[in-house]
Structures are given as C-alpha cells and as structure tokens.
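Coordinates in review
Below are the chains, spelled out letter by letter.
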Amino acid sequence: MSSASASDAPAAPLAFGAFDPARRADPYPSYRALRAADPFYRVPLGDGRATVLTRYPDCVTALSEAAWGRGESGTNAWRRADALDGGLRSFLRMNPPSHTRLRGLVSKAFTPRVVAAFQPRVTSLVDTLIDAALARGGEIDLIDALARPLPLRVICDLLGVPARDEQTFRGWANDLTRGIDPDYLLTPDELARRRTSSREFDAYFTELIAWRRARPAGDLLSELVAVRDQGDVLSESELLELCALLLVAGYETTVNLIGNAVLALLRNPDQLALLRTDLALIPSVIDETLRYDPPIQLVGRLALRDTEIAGHAFHQGEIIIILSAAAQRDPDVFTDPDRFDITRYAGAAPAHRHLGFGLGIHYCLGAPLARLEARIALRALVQRAPGLTLAVDPPPYRPHLTVRSLAALPVRLS
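Quantities reported herein were computed from a predicted structural model and do not represent experimental measurements.

So, how was this worked out
Residues numbered from 1 in each chain as written. Predicted model: local features only at pLDDT ≥ 70, side-chain atom pairs only at ≥ 80, totals over all residues. Heavy atoms only, no water. Pairing = 2+ DSSP bridges. Helix = DSSP H or I, 4+ residues; strand = E, 2+ residues; numbered from the N terminus. Buried < 20%, exposed > 50% of the residue type's maximum accessible area, 1.4 Å probe, protein only. Contact = heavy atoms within 4.5 Å. Axes fitted to C-alpha atoms, helices over the stretch in contact; angles between N-to-C directions. Expected span 1.5 Å × (residues − 1). Salt bridge = Lys/Arg side-chain N within 4 Å of Asp/Glu carboxyl O. Core = buried A, V, L, I, M, F, W, Y, C linked by side-chain atoms within 4.5 Å.

Some points on the sheet that holds strand β4 (residues 139-141)
What the 3 strands build is an open sheet, ordered β4-β12-β11; its pairing is antiparallel. Edge positions in the sheet fall to β4 and β11 (389-390), since each has one partner strand and no second. In terms of strand pairing, β4 meets strand β12 (residues 410-412) through 3 bridges, oriented antiparallel. Bridge pairing links isoleucine 140 to valine 411 in β12.

Considerations on the pairing of strand β7 (residues 299-303)
Successive side chains on a regular strand alternate, one facing one side of the sheet and the next facing the other. Taken across its 5 residues, β7 has 4 buried, putting it largely inside the fold. Sheet analysis places strand β3 (residues 68-69) next to β7, joined by 2 bridges and oriented antiparallel. From the neighbouring strand, glycine 69 faces β7, where its bridge partner is leucine 302. Bridge count for β7 against strand β10 (residues 319-322) is 4 bridges, and the pairing is antiparallel. Bridge pairing links arginine 301 to isoleucine 320 in β10.

Things to note about the sheet that holds strand β1 (residues 40-45)
Reading across from one edge, β1-β2-β10-β7-β3 is the order of the 5 strands in this open sheet, with mixed pairing throughout. Of all the strands in the sheet, the pair left with one neighbour each is β1 and β3. Alignment of β1 against strand β2 (residues 48-53), held across 6 bridges, turns out to be antiparallel. Within β2, the residue paired with arginine 42 across the bridge is threonine 51. Of the strands in this sheet, β1, β2, β3, β7 and β10 touch helix α2 (residues 56-64), which is tilted by about 120° from β10.

Overview of unusual backbone geometry
Geometrically, the link from aspartate 393 to proline 394 is a cis peptide bond, its omega value of 5° lying close to zero. Mapping proline 394 onto the fold places it in the loop between β11 and β12. For alanine 310, which is not a glycine, the phi torsion comes out positive at approximately 50°. With respect to the secondary-structure elements, alanine 310 resides in the loop between β8 (307-309) and β9 (312-314). Phi at aspartate 336 takes a positive value of approximately 45°, unusual for a residue other than glycine.

Some details on helix α8 (residues 166-178)
Helical geometry: 3.6 residues make up each α-helical turn, so side chains three or four residues apart lie on a common side. The terminal C-alpha atoms of α8, which comprises 13 residues, lie 19 Å apart, in line with the 18 Å expected from a rise of 1.5 Å per residue. Listed as buried for α8 are Glu166, Phe169, Trp172, Ala173, Asp175, Leu176, Thr177 and Arg178.

Remarks on the pattern of salt bridges
In this structure the tally under the stated criterion is 20 salt bridges. Arginine 339 is the salt-bridge partner of aspartate 270, the closest N and O atoms lying 3.8 Å from each other. Separated by 69 residues along the polypeptide, aspartate 270 in helix α12 (residues 269-277) and arginine 339 in the loop between α14 (324-327) and α15 (367-384) bring together distant segments of the chain. Since its relative accessible area comes to 33%, arginine 339 is described here as partly exposed. For arginine 371, the salt bridge identified is with aspartate 287, shortest N-O distance 2.8 Å. With arginine 371 in helix α15 and aspartate 287 in helix α13 (residues 282-292), this pair connects stretches of sequence that are 84 residues apart. Within the structure, one salt-bridge network assembled from shared partners comprises Arg32, Arg329 and Asp338.

Quick notes on the nonpolar core
If you look at the biggest cluster of nonpolar residues, it comprises 89 residues, and the most contacted ones within it are Leu150, Leu159, Phe169, Phe205, Val262 and Leu409. Per-element tally for this core: the top contributor is helix α11 (residues 236-267), with 19 residues. Look past the residues within four positions of leucine 159 in its chain and what remains in contact with it is Phe169, Phe205, Leu208, Asp219, Leu221, Cys243 and Leu246. Grouped together as the second largest cluster of nonpolar side chains are 19 residues, Phe40, Trp68, Ile320 and Leu355 included.

The following block contains the structure:
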C-alpha cells in the first residue's frame, strides 16, 4: 500500500466549482476539469473533509469492494442512518450482514412478476397523461404533465396508497428527496420540512401497514408485510424505512430519468430522428441517459478499514464521494464520452456498464420498474408527439446536489 494517505494529500491547484449552483445547468465541464486535475480531490464536507473520485475504474472499485461501506467517521457531514430524519433510512445505508438479510427479504417481494404486472397499468397511465397534454396543446411542462405524475401514480399503486392521498405523497417526496443532501447544504426551513414530512410519512404508513396486515391486497406493501424467510420477517420499523426508500428512490429517480432522457433527445435531433426510425433503440436510450446525464450524480462511502484505490491509501473512517456522473464520462473508458449516442448500448458490443443504478450489493432493486416506466413513456412520446421541441433551454433545475432534478421541462407539442 502506498504510504501517501488521502488525508495528507494537498488539494489540487484548481478552484473547485463542480458543485457550484451556477453550474447546475451543465456541471459536466467542471467534472471533466476536476478529473483531469486530480482524480483524488480533497474537498470540505461539513465539519470534515472528503475525497472526490472521478475516474471510472476508481469508482467501480469503491462501489464493488467490501472495504467500502455506509456510515460516517465522526463527522455529521454525511449523516448516519440512525440520525436521518427523512429520506433513505434503509438497508441502502447498511453494511453486511444486516444489509444482506434485509435485501434478501425485500427481493422476495419485489419480483419480476410484481414488476411485469404493472405494464398494463403503466401503459394506460401514459396514454391518459399524453391524451391530456395533447388536448391542451401549445406549450406544456413535460415534468408536470408526464414525468412526475406517472411514477407518482405507479409508486402509490405499488404501495396501496389511495388516489386521494397522491398529492400529499408528492409533497413528502419533495421534502425527503431534498433531505438526501448533506445537512450543511440545507436551509433551516428545508431541515424543518424534512423532519415534519418524515413524521407525517411514518404516521401515515404505520396506519397503512396495520391495515394491510389485517386486509392483505395485491400490492407490494402487502407482499412486504407477508414476506418471511425461515421465520425471519420485516419489523415495522424496517417496513417504514423501506417505504421511505421506495418513495424517494422508486419515484424521484424515475421522474428524472424520463426528464433527462427527453431533454437529451430534444437537444440532439439527429438521435431523436434515429430513434423514430428504430424504436427498438429505446432500451439503449435509457442506458445512455443513465450514463450521460444520470438522475443520481454521486454517492458517499466510508472506508471500513485501511485500504487503497489505484495505489492511493485511505485510512479507516475516511469518507469518499463517488462522483459517478464524472466517471461515466471518463475518456479512457468511453469513446467520445460527452456525446449523447443512443446506439452506445445497442448491438453485440455495448459500452462499459454504466453506474446509473449503482453497482455491487447496493444495485437498485427498483431498476426494472424504472426501466419499464421510462420505456413506455418514451415510446408513446416518440409515436404520438412528432412535433415535440424545447421551449426553454436550459430548463430550470431544482437545488439538489445528489439528485439531478429538472424543476420543469417546457416543451412545444407542435
């Protein structure tokens, strides 16, 4: 192991601006500059420091190896799971063996059968939403008209949430998603809203879980309540944490996957024209979006023991930021990485695996459902809205760091 530690390395001579709100519309040139200047860049993180990884092989190592896990190292910058008032209080923030146990139980309920059963419902929802958008005509906000209501209704159906409560559910999602970012980046009002939404969410689902125990239905929540493995079951607190995970990850990620894909297609009319001639490329469009402009830009990890990446030493307890959005544009791995190419993941020799749904033991269990929703939505848009164009470029973004989230996507339908 190299004797040089990340904590001892001097900061690179670069004005770090990759997370500057002024660059939110296009952070990728800053990511590129950061990767070229120093692949192990030290940045302040609350009351401590962290190392930002930007190269693809380094990020893959950190996501895959058991030396890296979740938690914190005596700093409140990246919150502990048990101190998180809202957001992803789930097995995503656990390490084995607890993570292994919970993921095994959840996977028994979140099966291909459950996902496949949603295809008719998703198709019907997409058709209804596009019918309404076309009826309005002119200029619309595609996030508000399609990208947000579709996964909102799907996740509510999945969890057995009545339609009358969907907008309340949406409000919780907005507050908890914003709360994923480190606390020091949040305003007092955002912290307060996260706490309030978390309490309201827990109270609501405590009641719904009790209802489903007494009256099982055909939804995922009923499956989770009933799941067991050799006598092991999910506790009520674990069920609440999983519902919070599904709310944020299963809903918000899909909103931004659809929005980012449509934006990339409209900005690259040659690729949109190619897609119109070959709708079989839609799965490749989804994978290329997850590489080119991923909904999740970064994740945090903690060194569980002394270790190294590419000869660079890390001590137990050190924090890293895996900037996967930068890694997926690594020119040593991806040809012409700043180009949106919808054939990149098509054919017999697809590009290297993207990190858009994570890697290793934390790979997203909800990836098949997100793909299903995005696939049906993109196909319907391409077929039914041939005159779709951007009305505003760049569109506005929400003030998130971890999640790349369009506040709106104004488009013209003709």
